[in-house]
Amino acid sequence: MGFSGAAQVPPRAPLHLGRVRGLAYGEHHYEPDYGANHGAVAGAGVEFGRGRLHVSPEFRYTRWKNKPVSLYGSRGFSIQSNQNQAEILVGITWR
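One structure accompanies this document, and this report is about it. (Residues numbered from 1 in each chain as written. Predicted model: local features only at pLDDT ≥ 70, side-chain atom pairs only at ≥ 80, totals over all residues. Heavy atoms only, no water.)

1. Brief notes about the pattern of salt bridges
Any two side chains of opposite charge can pair, given that their charged atoms come close. Keep this limit in mind: Salt bridge, as used here: a side-chain nitrogen of Lys or Arg that lies within 4 Å of a carboxyl oxygen of Asp or Glu. Numbering of helices and strands runs from the N terminus; a helix is a DSSP stretch of H or I covering at least four residues, while a strand is a stretch of E covering at least two. Exposed residues in this analysis have more than 50% of their type's maximum accessible area, buried residues have under 20%, and partly exposed residues fall in between, with area computed by a 1.4 Å probe over protein chains only.
The final tally for this structure, using the stated rule, is three salt bridges. Linking glutamate 47 and arginine 21 is a salt bridge whose minimum nitrogen-to-oxygen distance equals 3.2 Å. Highlighted residues: glutamate 47 in strand β3 (residues 37–50) and arginine 21 in strand β2 (residues 20–31), separated in sequence by 26 residues. Using a relative accessible area of 15% as the deciding quantity, one classes glutamate 47 as buried. Looking at arginine 21, the relative accessible area reads 36%, which means it is partly exposed. With its nearest N and O atoms 3.1 Å apart, the salt bridge here joins glutamate 87 to arginine 60. Here glutamate 87 is found in strand β7 (residues 84–94), whereas its partner arginine 60 is found in strand β4 (residues 53–64), with 27 residues between them in sequence. Several salt bridges converge on common partners, so that one network encompasses Arg21, Glu47 and Arg95.

2. Comments concerning a nonpolar patch on the surface
Threshold: The patches reported here contain residues having more than 30% relative accessible area and no salt bridge. Joining distances are 9 Å for like charges and 5 Å for nonpolar side chains (Val, Leu, Ile, Met, Phe, Trp, Tyr). Computed with a 1.4 Å probe, the accessible areas rest on the Shrake-Rupley method; for each residue, only the protein chains presented here act as cover.
Side chains of Leu53, Phe59, Tyr61, Ile88, Val90, Ile92 and Trp94 sit close together on the surface and give an oily, nonpolar patch of about 800 Å² of accessible area. Every element with two or more residues in the nonpolar patch is listed here: β4 and β7. Looking at the nonpolar patch, the element that brings in the most residues is β7, giving four residues. Residue classification places leucine 53 among the partly exposed positions, given a relative accessible area of 39%.

In structure tokens form, the structure reads like this:
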């Protein structure tokens, strides 16, 4: 988990199922660069591999307290982002 400037407290629960390793976590994420926004994060992933090649897909969901982008312009024009953020990450390692 590598957000720049992020304060994270990740309680993680590793799982081992034969050759497949799993991971579930929840944390609080603070983003000081964008209006001091913060949110709750939950995620889960697995790692599997053969030989030296390992693949680790992960799903992560963030619910931000405030909208990360909220811009109001002239004549009623506005841009607002969603407070829900879903990410799918895939790590590939060679050990």
